[in-house]
Amino acid sequence: DTAVSQTPKYLVTQMGNDKSIKCEQNLGHDTMYWYKQDSKKFLKIMFSYNNKELIINETVPNRFSPKSPDKAHLNLHINSLELGDSAVYFCASSPGGWKTEAFFGQGTRLTVV
Amino acid sequence: QQQVKQSPQSLIVQKGGISIINCAYENTAFDYFPWYQQFPGKGPALLIAIRPDVSEKKEGRFTISFNKSAKQFSLHIMDSQPGDSATYFCAASMVNSGYSTLTFGKGTMLLVSP
């Protein structure tokens, strides 16, 4: 059973397109995240949701919009894709509160051409 | 401002040797310090973690050493194996209003030569 699953694993698209990445966790966790890993492997938090509510929104362009339909899902929609958006995007979840152990999905490699 | 600084950026160790990766943090409010291991094409996975009330934690061949006064912590991998070749990230977090977020170091690419 996959704990944190995200789809698709690979996404190649043209500049200007709109795309979505889906994430689901079956761990019963309260908190979910989106991280971006750049070409130098640096991991940076983008968004954090706790019980479907947005908690953290780091300096991310408003072309990126997270949506959490329920506690187990956190999707990422990206409008007007740019070349600089090419990266690996990771969804993660954690129990919440003081339990900060984060479980990561396998990642979505987004390539904008 | 980088809150968690990690070194070295890359490391080559012979099989059976000791791999040492160091991290330093700035925010004294951090209260949880995990290490993550990432293999190519995979997401980071928790390896070992420590809280600041202890100075050392050992799990198998992996040990975290923690120095609260110096605001530093390190990962030691004893008897390093080729299967340990991966990118290692240190991280830090603090609970704030009932939630927390991990701040990662920039990663260390470890290669263990056979």
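Up top is the structure.
Residues numbered from 1 in each chain as written. Chains lettered and ligands numbered in written order. Predicted model: local features only at pLDDT ≥ 70, side-chain atom pairs only at ≥ 80, totals over all residues. Heavy atoms only, no water.

Overview of the overall build of chain A
So, point 1. Across its full length, chain A carries zero helices and 11 strands.
So, point 2. Helices (α) and strands (β) of chain A occur, in sequence order from the N terminus, as β-β-β-β-β-β-β-β-β-β-β.
So, point 3. Against the 2.2 N^0.38 benchmark of 13 Å for 113 residues, chain A shows a C-alpha radius of gyration of 13 Å, consistent with a compact globule.
So, point 4. The principal-axis extent of the C-alpha atoms belonging to chain A is close to 40 × 30 × 25 Å.
So, point 5. Relative to its full complement of 113 residues, chain A shows a buried share of 45%.
So, point 6. Of the contacts formed within chain A by residues at least 6 apart in sequence, a portion of 53% connects residues at least 24 apart.
So, point 7. When the accessible surface of chain A is summed, it comes to about 5,600 Å², and 49% of that surface belongs to carbon and sulfur atoms.
So, point 8. Looking at charge distribution, chain A has the averaged site of its 13 positive side-chain charges lying 5 Å from that of its 11 negative ones. (Helix = DSSP H or I, 4+ residues; strand = E, 2+ residues; numbered from the N terminus. Rg over C-alpha atoms; globule rule 2.2 N^0.38 Å. Buried < 20%, exposed > 50% of the residue type's maximum accessible area, 1.4 Å probe, protein only. Contact = heavy atoms within 4.5 Å. Areas by Shrake-Rupley, 256 points an atom, 1.4 Å probe, with all protein chains shown as cover. Lys, Arg positive; Asp, Glu negative; His and termini not counted. Charge placed at Lys NZ, Arg CZ, Asp CG, Glu CD.)

Considerations on the nonpolar core
So, point 1. Among the nonpolar cores identified, the biggest contains 24 residues, and B:F33, B:W35, B:F73, B:L75, B:Y88 and B:L110 are the most heavily contacted of them.
So, point 2. Broken down by secondary-structure element, the contributors of at least two residues to this core are β2 (10-14), β3 (19-25), β4 (33-38), β5 (45-50), β7 (62-67), β8 (72-77), β9 (86-92) and β11 (108-113) of chain B.
So, point 3. Among the elements that take part in this core, β9(B) stands out by supplying four residues, more than any other.
So, point 4. Not counting residues within four places of it along the chain, the set of residues in contact with B:Y88 comprises B:Q6, B:I21, B:Y36, B:Q37, B:L47, B:L75, B:I77, B:G107, B:T108 and B:L110.
So, point 5. Core analysis: the next-biggest nonpolar cluster, separate from the first, contains 20 residues, A:L11, A:I21, A:L76 and A:Y89 among them. (Core = buried A, V, L, I, M, F, W, Y, C linked by side-chain atoms within 4.5 Å.)

So, the interface of chain B and chain A
So, point 1. Taken together, the contact pairs 22 residues of chain B with 22 residues of chain A.
So, point 2. Together chain B and chain A conceal approximately 1,900 Å² of surface at their shared face, both sides included; 60% is due to carbon and sulfur atoms.
So, point 3. Taken together, the links from chain B to chain A amount to zero salt bridges.
So, point 4. If you look at where chain B meets chain A, you find four residue pairs in polar contact (both at pLDDT 80 or more).
So, point 5. Elements that contribute at least two residues to the side of chain B that touches chain A include exactly β4 and β9 of chain B.
So, point 6. Each residue belonging to the side of chain B that touches chain A can be placed in one class, and the counts come to 10 nonpolar, nine polar and three charged. (Buried area = accessible area lost by both parts, 1.4 Å probe. Salt bridge = Lys/Arg side-chain N within 4 Å of Asp/Glu carboxyl O. Polar contact = N/O pair within 3.5 Å; in protein donor to acceptor, adjacent residues only side chain to side chain. Nonpolar A, V, L, I, M, F, W, Y, C, P; charged D, E, K, R; others polar.)

Digging into the pairing of strand β1 (residues 4-7) of chain B
Residue and element names in this part refer to chain B.
So, point 1. Only one face of β1 is buried, namely the one carrying V4 and Q6, since none of K5 and S7 on the opposite face is buried.
So, point 2. Here β1 runs beside β3; their pairing, made up of four bridges, is antiparallel. Across the sheet, the residue bridging to K5 is A24, located in β3. (Pairing = 2+ DSSP bridges.)

Focus: the layout of surface pockets
So, point 1. Here the second largest pocket defines a volume of roughly 330 Å³.
So, point 2. Lining the second largest pocket we find 21 residues, and of these A:Q37, A:K41, A:V88, A:R109 and B:G41 sit closest to its centre.
So, point 3. Mapped by element, the contributors of at least two residues to the lining of the second largest pocket are β9 (87-94) and β11 (108-112) of chain A.
So, point 4. Of the residues belonging to the lining of the second largest pocket, the class tally is seven nonpolar, nine polar and five charged. (1 Å grid on protein atoms, 1.4 Å probe; cavity = no way out; pocket = protein on both sides within 12 Å on 5 of 7 lines; lining within 4 Å. Points joined across faces, edges and corners; volume = space filled by probe spheres on them.)

Here's the deal with a nonpolar patch on the surface
So, point 1. Taken together, the side chains of B:I18, B:I20 and B:M78 present a nonpolar region at the surface, about 240 Å² in accessible area.
So, point 2. In this structure, B:I20 sits in strand β3. (Patch = residues over 30% accessible without salt bridge, like charges linked within 9 Å, V, L, I, M, F, W, Y side chains within 5 Å.)

Notes on the packing of aromatic side chains
So, point 1. One pass over the structure, following the stated rule, counts 17 aromatic pairs over all chains.
So, point 2. Here A:Y33 and A:Y35 contribute two aromatic rings whose centre-to-centre distance is 6.0 Å and whose plane-to-plane angle is 45°, an arrangement assigned as tilted.
So, point 3. Owing to a relative accessible area of 2%, A:Y33 belongs among the buried residues under this scheme.
So, point 4. Here the aromatic rings of B:Y25 and B:F66 are separated by 6.1 Å at their centres, their planes lie at 15°, and the arrangement is stacked. Residue B:Y25 is found in strand β3, and its partner B:F66 is found in strand β7; the two are separated by 41 residues along the sequence. (Phe/Tyr/Trp six-rings, centres within 6.5 Å; stacked < 30°, edge-to-face > 60°.)

Regarding the state of the cysteines
Residue and element names in this part refer to chain A.
So, point 1. All chains considered together, the criterion is met by two disulfides over all chains.
So, point 2. Note that C23 is cross-linked by a disulfide to C91, the S-S spacing being 1.8 Å. Of note, the bridge from C23 to C91 carries an S-S torsion of about -75° and is left-handed in sense. Here the residue C23 occupies a position in strand β3 (residues 19-25), and C91 occupies one in strand β9, the gap between them amounting to 68 residues. When sorted by exposure, C23 lands in the same class as C91, which is buried. (Disulfide = S-S within 2.5 Å.)

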